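Per-entry structural report
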Amino acid sequence: MSTQAPTPWRAGELPAPRYHRLLGQGKATWIQYGVFVLTVLLVLAPLAPTVYQSLLDRALYADGKIFTPDNYVRLFTTAGFGKVVLNSLYFATLTTVIAVGLSLVLAVLVVRTRVPGGRVLGSLLLWPIYISPLVMAFGYILMYGPSGFVSIAARAVFGTVPWNLYSIPGMALAQAITLVPIGYLYCSGALKLADPQLEAAARTCGAGPLRILWTVVLPMVRPAVLYSALLIFSTSIEELSIPLLLGRPEGIELFSSFIYINGLAKSDPDYGIVGAASVVTLAVMAILITIQALSLRNARRFVAVSGKASRPRLLDIGGLRWVGFIFAVLYIVFGPLLPILGLVLRAFTQLLTPLVNPLTLLTLDNFILVFQYPAYVDSIKNSMIVALIGAIITTLFVSVVVLVARRSKFRFTKVLEFTSLTPQVMPGLIIGIGFFWAFALIGPLNAINGTLIALIIAFSTRSIPAAFGAIAPLVMQIGEELDNAARTLGADWWRTFSRILFKLIVPAMFSAFVLLFVQMFKEFTPAVFLASADSQVIGTTTLQLWLNGNSGSVAALSCIQIGITAIVVIIAGRVLKVRSYA
């Protein structure tokens, strides 16, 4: 160990700080390389075993295994796999069209027109983002399934049910409603930033409100529409909840349900097929993300925000604003609200049917049953522990990652940022099975399999891109003059970070923590493969209860999950004053 040579200083002046050096390198170098290596290991840990397993003739931890491409041959020659591919593409495309279409129309109505109650409608449109797609799927079945509350009422009125939830269009509509908040966020953000001077120029030329919307406003949000479309499409490809609950009863298999059924539901899992299917899914996701990146490369040609301060003027579309208001209300009521209301009613009743007044069937038995069984209570505790610890660790770790990637002279900053964002192309199901194989392959880590530690690692890895996206924007807003001033006074990179930048990014860290807590609390797909009987989370427990036909307990657990999430979000918004920096 050595130290820097002391800097000469004159009487009356403070000396420059002296920093210890290890093997000739300062603390900053060791921290930056440590963060880089840990990030690469976290990302490669699930990827490498997945690719490795896809090329083996048996489970990667079994003896006598040999390399072979047969898994890919069997995958592409398996009867029905072609239909899995077509179903997945059809489902993802239809979901994207519905979700983006609804998002764009709702964003234009709420953000750029004088629709009554626009601010309240905007807040209500975002609420589904805090609720797990699994929970929403339970709600859809309770209300719109063949025996659902709304379906029975519709049959009594029309003599038939004019929809089929257990079909790809029905699945796509259900999936789209869970993803509309994502599209709405992007489209509304672009609409708020659009330069109103262009609209004023169009108005001066005699264009009416509808013509301005069609020829000026909508073209300016094309990048946001394209970005959200690709994000929704890729999310639909990796989604497990709705394909499993709505597609499997009718034999409709998608990529995710195909991996789940072959890797877990079978008594003798075919890990070779699972590995090959996972690699194919990862390749599809990588292509989509690459298209997404390339499409945004030239997005600056759509920039319409000028340096001149101006405020968008809401468009008066006359009587059509009431048509827009009714449309938005109908979407909120029949989209996210009725399924959530159905879950709440089912949780507090013995049976949910329009043939009997629910108020005559009120009971707390479903909640009593949940709290009587230690396994159910443990799943709630496990979800909170994983979300709390995972959110804290990931927030702190990613804060350092962002500062290394954006505010240091580290040699591999671009590689570090790219690696940090890589988990967004990795479906949760593949992260789960990848870590399962990694822990099984590395002897000393085998004991981690099935523990909460494994879940925290997997959930945290999946959340790294979200944390990066929440913290990086604020770091970019902090001028580098502060870094330079600290360096002038002799501070090294780590002292500049710990004494100055860290305190400035605390608000973004709070935002990231809340975002990650909510995301991890509703997450369950990595736990499908990683969790044991002692480490189940709410999602895996409700899924198992649903498969066993216990809808009352499922509704009660779902309500508990929604309630805890709502409490955290409200506290974060009102007490911590958390806001999004992404």
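Residues numbered from 1 in each chain as written. Predicted model: local features only at pLDDT ≥ 70, side-chain atom pairs only at ≥ 80, totals over all residues. Heavy atoms only, no water.

Within an unreviewed UniProt entry, the label attached to the protein reads Iron ABC transporter permease, and the organism entered is Saxibacter everestensis. For the record of the protein, the UniProt heading Sequence similarities (unreviewed entry) holds the text "Belongs to the binding-protein-dependent transport system permease family." (UniProt positions renumbered as here; feature names shortened; annotations may be inferred.)

For the rest of this paragraph, the subject is helix α4 (residues 118-126). For α4, the complete set of buried residues consists of Gly118, Leu121, Gly122 and Leu125. The buried residues of α4 all sit within an arc of 105° when viewed along its axis, so they share a single face. For α4, exposure combined with an orientation more than 90 degrees from the buried face picks out Arg119 and Val120. (Buried < 20%, exposed > 50% of the residue type's maximum accessible area, 1.4 Å probe, protein only. Helix = DSSP H or I, 4+ residues; strand = E, 2+ residues; numbered from the N terminus. Arc of directions from axis to C-beta.)

Bringing the packing of aromatic side chains into the picture now. In this structure the tally under the stated criterion is 19 aromatic pairs. Where Tyr33 meets Phe410, the ring centres are 4.9 Å apart and the plane angle is 85°; that geometry is what we call edge-to-face. Of this pair, Tyr33 sits in helix α1 (residues 27-54) while Phe410 sits in the loop between α16 (374-406) and α17 (413-421), and the two are 377 residues apart along the sequence. Using a relative accessible area of 33% as the deciding quantity, one classes Tyr33 as partly exposed. Phe410 sits in the buried class, given a relative accessible area of 5%. Measuring from centroid to centroid gives 5.9 Å for Tyr144 and Trp163, while their planes differ by 85°, and the two rings are edge-to-face. Separated by 19 residues along the polypeptide, Tyr144 in helix α5 (residues 133-144) and Trp163 in the loop between α6 (149-158) and α7 (168-193) bring together distant segments of the chain. Residue class for Tyr144 comes out buried when judged on its relative accessible area of 12%. (Phe/Tyr/Trp six-rings, centres within 6.5 Å; stacked < 30°, edge-to-face > 60°.)

Moving on, we come to empty space enclosed by the protein. Taken as a whole, this structure holds one cavity of 30 Å³ or more when the rule is applied. The calculated volume of the largest cavity comes to roughly 40 Å³. Lining of the largest cavity is provided by Ile237, Glu238, Phe255, Ser256, Ile259, Thr281, Pro427, Leu429 and Ile430. Contributing elements (two or more residues each) for the lining of the largest cavity: α10 (222-238), α12 (255-265) and α18 (428-441). Of all the elements, α12 adds the most residues to the lining of the largest cavity, at three residues. For the lining of the largest cavity, the residue count by class is six nonpolar, two polar and one charged. (1 Å grid on protein atoms, 1.4 Å probe; cavity = no way out; pocket = protein on both sides within 12 Å on 5 of 7 lines; lining within 4 Å. Points joined across faces, edges and corners; volume = space filled by probe spheres on them. Nonpolar A, V, L, I, M, F, W, Y, C, P; charged D, E, K, R; others polar.)

Moving on, we come to the environment of Gly335. Within the secondary structure, Gly335 is located in helix α14 (residues 320-347). Separated by 244 residues in sequence, Gly335 and Phe91 have C-alpha atoms that sit 18 Å apart. When neighbours within four sequence positions are excluded, Gly335 is seen to be in contact with Tyr140, Ile177 and Leu330. (Contact = heavy atoms within 4.5 Å.)

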